[in-house]
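Structural description and commentary
Below, each chain spelled out in residue letters.
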Amino acid sequence: IRDAQESRGLGDVYKRQLKIYCNHGVFRDEQINGQNFYVSARLGVDTYQAGITDDLDKSVNYAELSHVITDYMQNNRYNLIEAVANNLAAHIFKYSKLIRELTLTIYKPEAPVGLPLENVSVTITRKWHTAYIALGSNIGDSMLIIRSALDAMKNNASIRVIKESSLINTKPYGGVEQPDFINGVVQIETYLEPDNLLTYLNTLEKEAGRTREIHWGPRTLDLDILLYDEQIINTSRLMVPHIDMANRFFVLEPLCEIAPYAYNARLNRTAAELLYELQKRTER
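Cut-offs and rules
Residues numbered from 1 in each chain as written. Predicted model: local features only at pLDDT ≥ 70, side-chain atom pairs only at ≥ 80, totals over all residues. Heavy atoms only, no water. Patch = residues over 30% accessible without salt bridge, like charges linked within 9 Å, V, L, I, M, F, W, Y side chains within 5 Å. Areas by Shrake-Rupley, 256 points an atom, 1.4 Å probe, with all protein chains shown as cover. Salt bridge = Lys/Arg side-chain N within 4 Å of Asp/Glu carboxyl O. Helix = DSSP H or I, 4+ residues; strand = E, 2+ residues; numbered from the N terminus. Buried < 20%, exposed > 50% of the residue type's maximum accessible area, 1.4 Å probe, protein only. Phe/Tyr/Trp six-rings, centres within 6.5 Å; stacked < 30°, edge-to-face > 60°. Contact = heavy atoms within 4.5 Å. Axes fitted to C-alpha atoms, helices over the stretch in contact; angles between N-to-C directions. Parallel < 35°, antiparallel > 145°, perpendicular 65-115°, else oblique. Left-handed = near helix turned anticlockwise from the far one by under 90°. Polar contact = N/O pair within 3.5 Å; in protein donor to acceptor, adjacent residues only side chain to side chain. Pairing = 2+ DSSP bridges. Core = buried A, V, L, I, M, F, W, Y, C linked by side-chain atoms within 4.5 Å. Nonpolar A, V, L, I, M, F, W, Y, C, P; charged D, E, K, R; others polar.

Digging into a nonpolar patch on the surface
On the surface, Val26, Phe27 and Leu80 cluster together into a nonpolar patch covering about 300 Å² of accessible area. Structurally, Leu80 is set in the loop between helix H4 (62-75) and helix H5 (81-95). Given a relative accessible area of 46%, Leu80 falls into the partly exposed group.

Given below as structure tokens:
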């Protein structure tokens, strides 16, 4: 079922070598006089509804998108084509929610290198991923702190908040004497890679006044990546699926509220199965 939902109707739309005269570059002459750039894009688009309805409003209007790209390239200025590509990708994703994947190439054929060459170019790939984030707080106005973190996610162009669980009052976990927690789970879509997503969440924690003094101790804000697509990630910074989520009612209950079939690839179980097994273990 998961595979069918992920693959249904996703097709490629190509845009090759769109010529745009604009002013990106490090050198003053490039910034003042400008030069030709070329943009190519491969868009992974949800084509299912357009295919069965023949309705342009249910597809990406490639003529309109050409103007969107041109206007953005001409109305903004960056030193590096890497920055052009990264920010243009974000702008294209904002233009249409039907675009699920994007490979973007920026060509700079007139780059001032002082030697004959065909062009200088950079290619990036971005894709929307589904992730589940656990939310927790037990210092200060916990409800307000969590709501502020959710608002920050909603205002971040690289994140779409899809579903939010109820926020529940829970007992502390881990044996440290401390106040009760407010906990919840949010489902997001993001084109941030896991490590970059973690860095962003850590920034939100720091902005909320989070300090890391006691393991499993009190905190103003705790944001954990529970699941990221169906990937298994083991690095010094991040382990996904979250290594201890199968033992935590305060994670599994809100997760099951919004996504009972979210899949833990490490344990080969859905969230609903993990919650059922945890309930059985604690009844003994």
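More follows now that the structure is in view.
Focus on the packing of aromatic side chains
Per the counting criterion, the structure on display carries three aromatic pairs. Here the aromatic cluster, defined as three or more aromatic residues joined through ring pairs, consists of Phe93, Trp128 and Tyr191.

Let's talk about the side chain of Thr105
Structurally, Thr105 can be placed in strand S3 (residues 99-108). The buried category is assigned to Thr105, whose relative accessible area is 10%. Those residues within four positions of Thr105 in sequence are excluded, and the remaining contacts are Tyr38, Val39, Ser40, Ser121, Val122 and Thr123.

Here's the deal with the packing of helix H8 (residues 249-258) against helix H9 (residues 271-283)
Taken N-terminus to C-terminus, the directions of H8 and H9 make an angle of 140 degrees; their axes are 9 Å apart at the nearest point. Taken together, the axes of H8 and H9 lie oblique to each other. Handedness of the crossing formed by H8 with H9: left-handed. Together, Phe249, Leu252, Glu253, Leu255 and Cys256 of H8 and Ala271, Ala272, Leu274, Leu275, Leu278, Gln279 and Thr282 of H9 make up the contact between the two elements.

Regarding H8
Judged by how many residues are buried, H8 sits mostly within the fold: seven of 10 residues are covered. Along H8, the residues that are buried comprise Phe250, Val251, Leu252, Pro254, Leu255, Cys256 and Ile258. On its buried side, H8 packs onto strand S5 (129-137), strand S6 (159-164), strand S7 (168-170), strand S8 (181-190), strand S9 (222-228) and H9.

Description of the pattern of salt bridges
Under the counting rule described, the total for this entry stands at 10 salt bridges. In this structure, Asp55 and Lys58 form a salt bridge, with 3.4 Å as the shortest nitrogen-oxygen distance. Classification of Asp55 by relative accessible area gives partly exposed; the value is 26%. Arg248 is the salt-bridge partner of Asp244, the closest N and O atoms lying 3.1 Å from each other.

Focus on the side chain of Glu205
Mapped onto the elements of the fold, Glu205 is located in helix H7 (residues 194-207). A polar contact is formed between the side chain of Glu205 and the backbone nitrogen of Leu223, at a distance of 2.7 Å.

Some remarks on the pairing of S5
For S5, a buried count of eight out of nine residues is recorded, marking the element as mostly surrounded by other parts of the structure. Taken together, the nine bridges between S5 and S8 define a ladder with antiparallel strand orientation. Along S8, the bridge assignment pairs Ala131 with Ile188. Sheet topology places S5 next to S9; six bridges connect them, and they run antiparallel. By the bridge assignment, Ile133 is partnered in S9 with Ile225.

Concerning the nonpolar core
Judged by nonpolar contacts, the single largest core of 31 residues is most densely connected at Leu104 and Ile106. When contributions to this core are tallied by element, the ones reaching two or more residues are strand S1 (10-22), strand S2 (35-46), H4, H5, S3 and strand S4 (120-127). The element best represented in this core is H5, accounting for eight residues. The contacts of Ile106, once residues within four sequence positions are left out, are Phe37, Tyr38, Val39, Ile81, Val84, Ala85, Leu88, Val120, Ser121 and Val122.

Let's talk about the packing of H4 against H5
A pair of packed helices is captured by two measures, namely the crossing angle of their axes and the spacing between those axes. Where H4 meets H5, the closest approach of the two axes is 10 Å, and the angle between their N-to-C directions is 140 degrees. Between H4 and H5, the crossing angle belongs to the class labelled oblique. The chirality of how H4 crosses H5 is right-handed. In this structure, H4 contributes Glu64, Leu65, Val68, Ile69, Tyr72 and Met73 to the contact, and H5 contributes Val84, Asn87, Leu88, His91, Ile92 and Tyr95. For the contact of H4 with H5, a count of residues per class yields nine nonpolar, two polar and one charged.

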